[in-house]
Amino acid sequence: MAYSKILRRIRNEKTNYNRRKRLLMGHKDFVTIQISNQNTQIQIHKPKITGDEVISFAHSSFLTKKGWKGSCKNIPACYLTGYFAGKKALGKGINSAVLYSGTRKYTQRMAAALKGVIDAGLEIPANEKTFPSDDRINGEHLKVKNDVKNIKSSIENEAISK
């Protein structure tokens, strides 16, 4: 029996090469969402032969500058971070993309971030049933209340001014 070497990124469960190959064959821009223990990071990429080019980037730490209190990885924070990334991408001429989750599971926080990108104006194929309810996106289930609509309007004003 011959030994077949397994690539390191497959062994560490970082890359699903079959899914990545299908993504690159489509020649579409794609959205990646990473949710860590403290923050949310959303990037919109353009695939290239030499490597993926990041077109738009948003990190949830910008919410603290806007007066956000509490966690930067909960559902409303993910939604607003996605909204901010989508507005930045629209400003750079991106109109459509697809979600690339890699080996990560599709969670409610990831769905909230995707809904934020879609609400910003990007066309991304997604099922409306997978998104969290509006009560959860507005943060009514949390102990620390934030004004999501106020922060969303300040993101719009910032995007219009640029």
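What comes next is a walk through the structure. (Residues numbered from 1 in each chain as written. Predicted model: local features only at pLDDT ≥ 70, side-chain atom pairs only at ≥ 80, totals over all residues. Heavy atoms only, no water.)

**So, the nonpolar core**
- With 35 residues, the main nonpolar core has Trp68, Leu80 and Leu122 as its most contacted residues.
- Of all the secondary-structure elements, those providing two or more residues to this core are strand E1 (30-35), strand E2 (40-46), strand E3 (53-59), helix H3 (62-65), helix H4 (75-91), helix H5 (108-120) and helix H7 (148-161).
- By residue number, the principal contributor to this core is H4, which donates nine residues. (Core = buried A, V, L, I, M, F, W, Y, C linked by side-chain atoms within 4.5 Å. Buried < 20%, exposed > 50% of the residue type's maximum accessible area, 1.4 Å probe, protein only. Helix = DSSP H or I, 4+ residues; strand = E, 2+ residues; numbered from the N terminus.)

**Description of the sheet that holds E2**
- Sheet architecture is open: four strands sit in the order E3-E2-E1-E4, paired in mixed fashion. Each edge of the sheet is formed by a strand with only one pairing partner; in this case those strands are E3 and strand E4 (98-99).
- Bridge count between E1 and E2: six bridges; the pairing is antiparallel. Paired with phenylalanine 30 across the two strands is histidine 45, which belongs to E2.
- The sheet strands contacting H5 are E1, E2 and E4, and the helix crosses E1 at an angle near 140°. (Pairing = 2+ DSSP bridges. Contact = heavy atoms within 4.5 Å. Axes fitted to C-alpha atoms, helices over the stretch in contact; angles between N-to-C directions.)

**Considering a nonpolar patch on the surface**
- A contiguous nonpolar patch, built from Ile6, Leu7, Ile10 and Tyr17 and spanning about 360 Å² of accessible area, is present on the exposed surface.
- Considering the arrangement of structural elements, one finds tyrosine 17 in helix H2 (residues 17-25).
- Judged by its relative accessible area of 37%, tyrosine 17 is partly exposed. (Patch = residues over 30% accessible without salt bridge, like charges linked within 9 Å, V, L, I, M, F, W, Y side chains within 5 Å. Areas by Shrake-Rupley, 256 points an atom, 1.4 Å probe, with all protein chains shown as cover. Salt bridge = Lys/Arg side-chain N within 4 Å of Asp/Glu carboxyl O.)

**Examining the packing of aromatic side chains**
- What the rule picks out here adds up to three aromatic pairs.
- Between phenylalanine 30 and tyrosine 100, the aromatic rings sit 5.7 Å apart at their centres with planes inclined by 80°, giving edge-to-face as the arrangement. Taken together, the residues phenylalanine 30 in strand E1 and tyrosine 100 in the loop between E4 and H5 connect sequence positions 70 residues apart. For the pair phenylalanine 30 and tyrosine 100, one class covers both residues: buried.
- With a centroid separation of 6.4 Å and an interplanar angle of 25°, the aromatic rings of tyrosine 79 and tyrosine 83 are classed as stacked. With tyrosine 79 and tyrosine 83 both in helix H4 and four residues apart, the pair spans about one turn of that helix. Across the pair, tyrosine 83 and tyrosine 79 agree in class, each one buried.
- It is lysine 152 that lies over the ring of tyrosine 83; its NZ or CZ is 5.0 Å from the centre. (Phe/Tyr/Trp six-rings, centres within 6.5 Å; stacked < 30°, edge-to-face > 60°. Lys NZ or Arg CZ within 6 Å of the ring centre and 35° of its normal.)

**Points about the environment of isoleucine 42**
- Within the secondary structure, isoleucine 42 sits in strand E2.
- When its relative accessible area of 0% is taken as the criterion, isoleucine 42 is described as buried.
- Along the primary structure isoleucine 42 and serine 60 are separated by 18 residues, whereas in three dimensions their C-alpha atoms are 8.6 Å apart.
- Setting aside chain neighbours within four positions, we find isoleucine 42 in contact with Val31, Thr32, Ile33, Ser56, Phe57, Ala58, Cys78, Thr81, Gly82, Ala85, Ala113 and Val117.

**A word on the side chain of threonine 15**
- If you trace the backbone, threonine 15 turns up in the loop between helix H1 (8-11) and H2.
- Judged by its relative accessible area of 10%, threonine 15 falls in the buried class.
- Side-chain polar atoms of threonine 15 contact the side chain of arginine 9, separated by 2.8 Å.
- Aside from chain neighbours lying at most four places away, what touches threonine 15 is Arg9, Ile10, Arg20 and Thr103. (Polar contact = N/O pair within 3.5 Å; in protein donor to acceptor, adjacent residues only side chain to side chain.)

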